[in-house]
Every structure is written in structure tokens, then in C-alpha cells.
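Listed below are the residues making up each chain.
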Number of protein chains: 2
Amino acid sequence: MPKQKRSLNNIVNNFLLLLFVVHPNSLKNILIIGAGRSASSLINYLLEHSLHESWNITVGDVSLDLVKQKTNNHPNARPIVLDIMNDQQREEEIKHADMIISMLPASMHMNVAKDCVRFRKHLATASYVSKEMEELDAEAKAAGIILMNETGLDPGIDHASAMRVIDHIHELGGELTSFKSYCGGLVAPESNDNPWGYKFSWNPRNVVLAGQGTAQYIEKGEYKYIPYNRLFTQIDTIEVEDYGLFDAYANRDSLSYRKLYNIAAIPTMLRGTLRMPGYCRAWNVFVKLGLTDDSYKIEASDKLTYRQLLEAYLPSGNQSTKDKLITFMGNEMDAEALHKIEWLGIFEDKKIPVANATPAQILQDLLEKKWKLQVHDKDMIVMQHQFEYTIPTGDGSAKKALNSSLVVKGEDQVYTAMAKTVGLPLAIASKLIMQGKIKARGVVIPTLKEIYEPLLEELESMGIVFEERNLY
Amino acid sequence: MPKQKRSLNNIVNNFLLLLFVVHPNSLKNILIIGAGRSASSLINYLLEHSLHESWNITVGDVSLDLVKQKTNNHPNARPIVLDIMNDQQREEEIKHADMIISMLPASMHMNVAKDCVRFRKHLATASYVSKEMEELDAEAKAAGIILMNETGLDPGIDHASAMRVIDHIHELGGELTSFKSYCGGLVAPESNDNPWGYKFSWNPRNVVLAGQGTAQYIEKGEYKYIPYNRLFTQIDTIEVEDYGLFDAYANRDSLSYRKLYNIAAIPTMLRGTLRMPGYCRAWNVFVKLGLTDDSYKIEASDKLTYRQLLEAYLPSGNQSTKDKLITFMGNEMDAEALHKIEWLGIFEDKKIPVANATPAQILQDLLEKKWKLQVHDKDMIVMQHQFEYTIPTGDGSAKKALNSSLVVKGEDQVYTAMAKTVGLPLAIASKLIMQGKIKARGVVIPTLKEIYEPLLEELESMGIVFEERNLY
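The rules we used
Residues numbered from 1 in each chain as written. Chains lettered and ligands numbered in written order. Predicted model: local features only at pLDDT ≥ 70, side-chain atom pairs only at ≥ 80, totals over all residues. Heavy atoms only, no water. Helix = DSSP H or I, 4+ residues; strand = E, 2+ residues; numbered from the N terminus. Buried < 20%, exposed > 50% of the residue type's maximum accessible area, 1.4 Å probe, protein only. Contact = heavy atoms within 4.5 Å. Areas by Shrake-Rupley, 256 points an atom, 1.4 Å probe, with all protein chains shown as cover. Lys, Arg positive; Asp, Glu negative; His and termini not counted. Charge placed at Lys NZ, Arg CZ, Asp CG, Glu CD. Buried area = accessible area lost by both parts, 1.4 Å probe. Salt bridge = Lys/Arg side-chain N within 4 Å of Asp/Glu carboxyl O. Polar contact = N/O pair within 3.5 Å; in protein donor to acceptor, adjacent residues only side chain to side chain. Least-squares fit on C-alpha atoms with pLDDT ≥ 70 in both. 1 Å grid on protein atoms, 1.4 Å probe; cavity = no way out; pocket = protein on both sides within 12 Å on 5 of 7 lines; lining within 4 Å. Points joined across faces, edges and corners; volume = space filled by probe spheres on them. Nonpolar A, V, L, I, M, F, W, Y, C, P; charged D, E, K, R; others polar. Phe/Tyr/Trp six-rings, centres within 6.5 Å; stacked < 30°, edge-to-face > 60°. Pairing = 2+ DSSP bridges. Axes fitted to C-alpha atoms, helices over the stretch in contact; angles between N-to-C directions. Right-handed = clockwise from strand over helix to strand, strands pointing away. Domains from an automatic or database assignment. Left-handed = near helix turned anticlockwise from the far one by under 90°. Parallel < 35°, antiparallel > 145°, perpendicular 65-115°, else oblique.

Chemist: Tell me about the overall build of chain A, residues and numbers included.
Modeler: When you go through chain A residue by residue, the secondary structure sums to 17 helices and 16 strands. Seen along its three principal axes, the alpha-carbon backbone of chain A occupies a region of about 95 × 65 × 40 Å. Expressed as a percentage of its 472 residues, the buried residues of chain A come to 55%. Excluding contacts between residues fewer than 6 apart, the proportion of contacts in chain A whose partners are at least 24 apart in sequence is 70%. For chain A, the exposed surface amounts to about 21100 Å²; the carbon and sulfur share of it is 50%. In chain A, the 52 positive side-chain charges and the 59 negative ones have mean positions that sit 2 Å from each other.

This is the structure we're talking about:
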């Protein structure tokens, strides 16, 4: 191509690009559904950008107070009461928006998603792609819209940060031999003032029921299975620079991530959940006792004391309840684990306040009091990816290992690390969609380069940075 | 009343009674649905009585061969192919019968039960009363029919035999303080030639999945819970005269029997399942490994050997698979348990024959080969009730204890103890209904005296006899 013509082409291209940037399209209206805990950072980010981007942001929730509190009289915000079970209202609001962000519980997205396809509106959520969502893929593509899912922390930041490294290794002609990935929503060291090293920054029910089923992963080419009854005894220990050691128990599903991350043949693939050291050994006491079971109700549980509840799960005998537990657990419990259990007050003859509750509900009720994030407490997110791979060299290949770690601390009880790391990826991805910068259509997750690159870049500018460390 | 008039009344009554016995009513046609394993003794009994009672007996099954084999050209038998999903055929057959006996799986009774109410026909099954069945109670009463359920072995003979003792104690003014009841379908000592002392005389799937959930019972006024992960370690040992010791693990539900047996306030109530001594300690290995899980499929399980399967559930390491298992189980496994495990061939590098199977399915497939009841093998039913009660005496009350035990051996692979003890109670109860001897209507189980008295009496005449032993 002659030089002049190329220049002209460039000018035209640049002009088109300029047009695109200045008047990208007519996307102006955002609808955020749900203004709960995880929505604080999301709403803040979008309102801040609304001035420059000329966005109108409608925030709907069943609680108008909550919406008003979160939008704080911002000129570009329109707080509304929204009942998503009201078809007419939901459809009206979706029709008037260009982009919908659903912060609803995972099981409640589908009516919204179907409306988005019908009225040709983009949708973003932080939830796992359900089977029903997956089935909308072809229709969404035909409608020219994006159903963006799994764009929070885990799933979300984990996908983006893992894929950046995996794609990079593949671009270098390398091959992954092992990928282990851990994440935990914890309490910051400065707020860590209970023996468990844990407070709730996330759905307490999920914490109590965590791991039920069988953990499945692959190690050196062999499938491995850990049933729930020994999940908290077969743990890994990992180290994060400046933050020390953590317990890690295996997640239920590690295998499906091989396909998702385009590493179907990788010999070792494990995902795990992080807790402070010693947590798992103590939690195993509840698992072995049976106190995490959510499948049956204890008759008249409010007539029992915690000690009596414990007795109901211990073999009969003449010892004290504590001594019985020590005998029962044998060498599976040490003094530190016993201290954690005792600190919860579970040996005390104090009445259980919940009636006809499942063991898991009784435990959750107790823990919500003991593990409450206090007003000045800071939570902390820790994520670590461990990659092992081979890379071609002049005369063969070299073995390499890389750890990539993220630590994010919350500011307070509202702007928690959890709210930040769940809400900001969703906010940034929504901005990119509004700006027309994401070309993918249909059901997508942030494993695509066009999403994870700008997403991670902007997160970095906000201090959410993975520290990489080459081990060899 | 003057003496003469009373005599006349007696004569009239006796005459009516005579009429009733000779021409009880017009009940002549019985429909048996299902001619499988448990139906052999049932069909035999009813055909034998059909000559004296002038019954026509239709036996329907999806397999005509099976029906013909079981009815063996008996003059009063009408073998038919019956598809219970075919509404028209099912309704026609039910309309033409006076009494229906359903040997279908528990989940398939309801269409039949609804037809029985509609066409005013009596029904008998050996299955637990489901919620749907319970809901037919008022309609069945209005229709003047009986929906007789739980009339096999367990449930069935257990209800009848327990209630006879319980009612007797109550009639004496006594009070039950403890009731433990155990039952097991086992192999007779003369056919016991494998280390587990177990062969399948019953649904193998139920044996593999037995106990999943949490066993609930009450002991000295306190509720007790044993979760599945330790069900086979917290066992009882019971003794049956002439047959020695047995392992007993707790059944999931012992509590609901308190209401059923009219002993709502009893301080100790436990139901358990019997196995030969040592079985539970060995079965616990599979529970702890996770091999009884039926909730997920093993990818390409037919590419694995049994040893490799075991490895997938064991922690990684350099020991042999057997040594790994020994280390893994610690003092929860002894040499005898190891011997049982090894005898199954599970340490061998032999290919698993089932593809994409759950761990429980793989285990079941293996056990069906190893625990097969052979042609000349005899099975054995063992049941034991242990009662403790107080009885009023001249100057207070006395403590008493009574064991009531039943042992029934099978004749061969077809007339198993299981088929006898499931089929005969159902057959006898059906005969009593046909003869108009049971007055109850609606949904009933054999806890009623008018049922259990003649039922147990006739079972005794057939050699199914509880041996009672007063301990003190």
C-alpha cells in the first residue's frame, strides 16, 4: 500500500475512532438491581464516573432507605423501590435502561436475563453461569447483547488474573504442568482479635455449609477425591509474602476450570479456600460431630443448652462434656483447636435461642454473634495462584514456577475488601460495555483477553494489584 | 333382660355370625401387581388358599414369563401382562378385583391407590405410608375401603410383634422405659462362607447407601444424633440365643416410632440394623474413604483399576496402596477389617467394568459379584426387640426386661427368608381382609390388635415364631 494511502486510511480510522470515543453510542442509562452489602463500591464507582460519562443511574431495591443511603443524593442517581417479581415494573425499568447490573442472589437473575434478551439490553452479574443462563447464549448473540457473568472476586478476579498468566505462558510457547489457586475472605491482621482468625464478611450460611459434598481435583494426572468427612483434615499450607501462612481446604469443583482456562490436559489442578492457620483443625470438630448438617431439624432446640446439644452428638458416658469431646476427637484435636471451640461458649449451659433449627442453623446463629465484623474492623481478601510450567529454551525446556498473590484490605464495615473486590470488577466491566469496548456477545465470563486486560489494568490503578514472584 | 330373651338374641347373633362365616360377602377376586423376588411366598400362599376360599387370582407383571413361572398353571390363577402406566388397563383390572396387592416399588403405588379409592377396592402393600398415601385416608374411609400398608417384615412383622408386647405391658398397668429393636437380612450360618458374613437377599443399592444422613434416637430422655461419618464406629453388640453376637448400627429414624407405638413419652427408643460381628468395622473403611457416595460420577471410571480408584481417595505418598490404607485408617481398622477389604479384590489392578459410575455404583457392582446368594445358599432374617419396663406390684413396682427374638431361614434362592417374611404377612392380612375379619378402614398399618393378633398367630403356625426371654 502506498504511503500516502496508508496515511489517509489512518486519518479516516483515527477520525472514526474519535467519533467512537466522543459519541460511542447512545448508551446512557444504567439500572442497578439490588443495593445490599456487596453493592456499595459498585454504586460509588458508577456514580463517580457518571459525571464524565453522562450516565443516568437508576438504583432499585426493595428498601428505598437502603438505595437512598447508597446513592446519597447524587445528581445522576435515581433511587427507586423495585420489586423484581412485579413483571410490569421490572420490564418497564429494563426497557428504559441500556445496561442492567444485577446484584440479586444467583437464583433470581433469570427473569431479568430473559427481559434483557427480549429488550436487547446488556446484563452484568457476579454470579456463576447457571444452566438456564447458558441456554440464553444463542438468543443473546442474535439480539446483539452481552450477558456478562462471574465478574466479581471469586468468580471474577480469579478468572481474569489466572487467564492473564496462562495466556502469557502459552504465548511464550510454554506449557502449564500445575495450577493451584486459593482464595479466602478473611479478617485483616489488625482486626484479628479472636482465636479463629475469622469474622463474617460474606454469607454466613455458605461458610457454615462450606465443602459439603466431595472435593474433586487432579494431581499428577490422577483424579483425587476428598469427601466432606475428612476435608478439613487433608489441608494444604500456603505462604503469602508479608502475611505468613494460611490453611487451605480443597474446593468441591476444581476440574471444570481446566476447560474454562483452556488447560484441559494439565496434570495438576486444584482450587482451595483460605483460612487462618488452625481454623481447619478446629472446624473439623464440628464436621466430625455432625453440627454442620442442614438436613434435619432438632426438635425443640430452644429447650436445649449448647452443652446439651453437644451431648446429643457425643457418645454416652460419665465424663464432663469437655472431657468427652477430648476423648471423642482423639489426636484429631489439639489444645489450640479445643481453645477455639471453648471460646465459642459451646460447653456452657446457655439456652439456644433458635427453635426447631437444624444443627447448621444453630451453629450459624452462634457464630454470627461471635464472628461479627465490628464497626472498626477491616476485612481482608487473600488470593494466590501457583503456576508451574515449562518454557522452551535454546536446547530444550526449562521448568519454572510463579506465585501470583493479591491481598486487599477493607476500609470499614461498608467499604469492605469483599464489597470492593466483588463490586469493582462488575462496575469496570459495565463501564467497558457502556463504552462499547467489549465486542463479545452472548454469555461470557472474564476469561477473554479483551475483558481481563482493561479490567486488571484499572483494578491495578485502584490498588488491587497481584504481586508476582518467580520461585525458579 | 329376661333369660329367654337373651337366649333368643344369642341364637339370632349366632345365626348371623354363621351366615357371615359361610357367606362372608362376595369378595372373590384378588389382583396381585408385581411378581418379582419378594412375591414368591405371597403368590404361593394365596394360590394355596384359593381352593378353599374360591378365589380367582390375577397376577400381573411386565414379564409374562415371570408370572407364569410363579403361578405354575394353577387353576385359580390368571397370569397377565400388566403395564401399570397404561391407565385403561390398570383401571379395568382394578375394577374387576375385590382386593389389590401391590408389590410395586414404594414410589409407584399411588396410581393404584387412587384407583382403589375411586372403585372402592381394598389395597395392601409392604411399603411405608407415604405422605400421598396418608392424604387418601379420609377418602378411603368414606369409600369404606382399607389401604393396608407396612405389612411385610420391616416394616410389618416388627410393628405387629412390638405392639403385641407393648399392648400387653400396658394392659398389665406397666410402663415402658426402654425399647430397642433390631432387624437384619443376613445369610444363614451354614451358607456363611465369606469374611463379611453377608450376601445380598435384598436390594443391593439400599445396602450400599444404608445409613446416609444422620441417625436420630433418644436415650434416657436425651436426643442422640450420629452422623453418617461415624455411624459404623458407634455400634451396639447384641446377642441372639443359639446364634451368638451381632453388630448393630442405628437406623436413621427411631423417633417417629414412639408415636406409632403409643409410647410417646418413652425415655429410650432405638431401632438398628443387624450385621455379622466385624462387618461395621470393615464397612467404615468405605465410608471414611468416601466410596459409598452416590452424588457424583467418576469420569471414565472404566479406565481405572480398583487399586487406582482406591488411590484417588487416599492421600498422596510413596507407600503401596495397602500400606497407605493402613496408615490412613489408623486404629479405626484392624487385621480382620483389612482382610475383609482385601478379600473384595480392591487392591488389585483389575479394570472397573462400569463407565462414568458413582463411587457407590462401582462398589455395588463389585459387591453384587462377591456377595451373591448362590443357588444352594440360605438367607436368614434376624429380629430382636429389647423391652425394659416397670410393672406394678403389691408394694410399688418392679423393673422387668424382656428380649423377644425371631430367626427365620430361607429354603433356597427363590423361597428366601426375606420373601417369606415380606410376602406372608401381606398374604395373611389380605386373606383377613377378604374374609371380612378386619374392620378398620382408611390408611392402616399392622399396629392394630385386630390385625396383629390373627397375623402373628398364623405366622406362628407357619414356624415364624418369636422366642421370648425374661432377663429379670
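Once the structure has been displayed, the description carries forward.
Chemist: Please give an account of the interface of chain B and chain A that cites residues and values.
Modeler: Contact residues are listed per partner, giving 27 residues for chain B and 27 residues for chain A. With both sides pooled, the region where chain B packs onto chain A buries about 2300 Å², and carbon together with sulfur makes up 43% of that total. A salt bridge links B:R258 to A:E299, with the nearest nitrogen and oxygen atoms 3.7 Å apart. The tally of links between chain B and chain A comes to 20 residue pairs in polar contact (both at pLDDT 80 or more). Elements with a contribution of two residues or more to the side of chain B that touches chain A: β8 (214-219), β9 (222-227), α11 (279-289) and α12 (306-313) of chain B.

Chemist: Please provide a residue-by-residue account of the relation of the copies chain B and chain A, values included.
Modeler: Think of it as a corkscrew move, a rotation about one axis and a shift along it, taking one chain copy to the other. For the pair chain B and chain A, the relating rotation is 180°, the translation along its axis is 0.0 Å, and the fit reaches an RMSD of 0.0 Å. One copy is carried onto the other by what is essentially a two-fold rotation axis. No C-alpha of chain B approaches the rotation axis more nearly than that of B:N229, which lies at 3.0 Å. Both copies share a contact surface, since 100% of the interface residues of chain B are interface residues in chain A too.

Chemist: Residues and numbers for empty space enclosed by the protein, please.
Modeler: Residue and element names in this part refer to chain B. All chains considered together, the criterion is met by three cavities of 30 Å³ or more. Considered as a void within the structure, the largest cavity measures approximately 50 Å³ in volume. Taken together, R37, S38, S201, W202, L373, T416, M418 and A419 make up the full set of residues lining the largest cavity. Space inside the second largest cavity adds up to approximately 40 Å³. Around the second largest cavity, the lining residues are D154, D158, S181, Y182, C183, N251, R271, G272 and M383. Of all elements in the fold, only β7 (175-187) and β12 (268-275) reach the threshold of two or more residues within the lining of the second largest cavity. The element that contributes the greatest number of residues to the lining of the second largest cavity is β7, accounting for three residues. Counted by class, the lining of the second largest cavity contains three nonpolar, three polar and three charged residues.

Chemist: Report on the pattern of salt bridges, specifying residues and quantitative values.
Modeler: All names here are of chain A. Summed over the entire model, instances satisfying the criterion amount to 56 salt bridges over all chains. Taking the shortest distance from any N to any O, the salt bridge between R271 and D158 comes out at 2.9 Å. Here R271, found in strand β12 (residues 268-275), pairs with D158, found in helix α8 (residues 157-171); they are 113 residues apart in sequence, far enough to count as distant. For D158, a relative accessible area of 1% translates into the label buried.

Chemist: Give a detailed account of the packing of aromatic side chains, specifying residues and quantitative values.
Modeler: Scanning the model with the defined rule gives 38 aromatic pairs over all chains in all. With a centroid separation of 5.6 Å and an interplanar angle of 25°, the aromatic rings of A:Y225 and B:Y296 are classed as stacked. Highlighted residues: A:Y225 in strand β9 (residues 222-227) and B:Y296 in the loop between α11 and α12, drawn from two different chains. For the pair A:Y225 and B:Y296, one class covers both residues: buried. With a centroid separation of 6.4 Å and an interplanar angle of 85°, the aromatic rings of B:Y228 and B:F232 are classed as edge-to-face. Comparing B:Y228 with B:F232 shows no difference in burial state: the two are buried.

Chemist: An account of the sheet that holds strand β5 (residues 122-125) of chain B is needed here, citing residue identities and associated values.
Modeler: Residue and element names in this part refer to chain B. The strand order β3-β2-β1-β4-β5-β6-β15 describes an open sheet built from seven strands, whose pairing is parallel. The strands lining the two open edges of the sheet, one partner per strand, are β3 (77-81) and β15 (442-444). In this sheet, adjacent strand axes meet at a mean angle of 20° when their direction is disregarded. As judged from the five bridges shared by strand β2 (residues 56-61) and β3, these two strands associate in the parallel manner. Bridging from a neighbouring strand, D61 pairs with V81 of β3. Packing against the sheet, helix α5 (residues 110-119) makes contact with β1 (29-33), β4 (99-102), β5 and β6 (146-148), and its axis sits at approximately 155° to β5. Taken strand by strand, helix α16 (residues 417-434) contacts β1, β4, β5 and β6, and its axis lies near 165° from that of β4.

Chemist: Provide a residue-level description of the pairing of strand β4 (residues 99-102) of chain A, including the pertinent values.
Modeler: A two-sided burial pattern is seen for β4(A), the buried positions comprising A:M99 and A:I101 on one face and A:I100 and A:S102 on the other. With helix α5 (residues 110-119) of chain A bridging β4(A) and its parallel neighbour strand β5 (residues 122-125) of chain A, the resulting β-α-β unit is right-handed.

Chemist: Hey, could you go over the sheet that holds β5(A) for me, with residue numbers and the actual values?
Modeler: By definition, the strands of a sheet pair up through backbone hydrogen bonds, in either a parallel or an antiparallel sense. All names here are of chain A. A sheet is described by the order of its strands in space; here seven strands give the open sequence β3-β2-β1-β4-β5-β6-β15, paired in parallel fashion. Edge positions in the sheet fall to β3 (77-81) and β15 (442-444), since each of these pairs with one other strand and no more. In this sheet, neighbouring strand axes are inclined to one another by 20° on average, regardless of whether the strands run parallel or antiparallel. With two bridges joining them, β5 and strand β6 (residues 146-148) adopt parallel strand pairing. The residue bridging L123 from the neighbouring strand is L147, located in β6. Contacts from helix α4 (residues 87-95) reach β1 (29-33), β2 (56-61), β3 and β4, with the element oriented near 170° to β3.

Chemist: With reference to specific residues and values, describe the domain arrangement of chain A.
Modeler: Taken domain by domain, chain A comprises domain 1 (12-148), domain 2 (157-280 + 375-415 + 460-470) and domain 3 (282-370). Here the C-alpha centroids of domain 1 of chain A and domain 3 of chain A sit 44 Å apart.

Chemist: Tell me about the packing of α8(A) against helix α17 (residues 449-461) of chain A, and name the residues and values.
Modeler: All names here are of chain A. Axis separation between α8 and α17 bottoms out at 9 Å; the angle between their running directions is 115°. Helix-helix and strand crossings are classified by hand; for α8 and α17 the assignment is left-handed. On the side of α8, the interface is formed by I157, A160, S161, M163, R164, D167 and E171, while α17 contributes K449, Y452, L455, L456, L459 and E460. Of the residues that constitute the contact of α8 with α17, the class distribution is seven nonpolar, one polar and five charged.

Chemist: Residues and numbers for α12(B), please.
Modeler: In terms of burial, α12(B) is largely enclosed, as six of its eight residues are buried. Within the span of α12(B), buried status applies to B:Y306, B:L309, B:L310, B:E311, B:A312 and B:Y313. On the buried face of α12(B), the contacting elements are β9 of chain A together with α11, α13 (321-329) and α15 (359-370) of chain B.

Chemist: Now, about the packing of α4(A) against α5(A): what can you tell me, with residues and values included?
Modeler: All names here are of chain A. Between α4 and α5, whose axes approach to 10 Å, the crossing angle comes to 50°. On the basis of their axis angle, the class for α4 and α5 is oblique. Helix-helix and strand crossings are classified by hand; for α4 and α5 the assignment is right-handed. Packed against α4, whose contacting residues are R90, E91, I94 and K95, the element α5 presents N111, V112, D115, C116, R118 and F119 at the interface. The residue makeup of the contact of α4 with α5, split by class, is four nonpolar, one polar and five charged.

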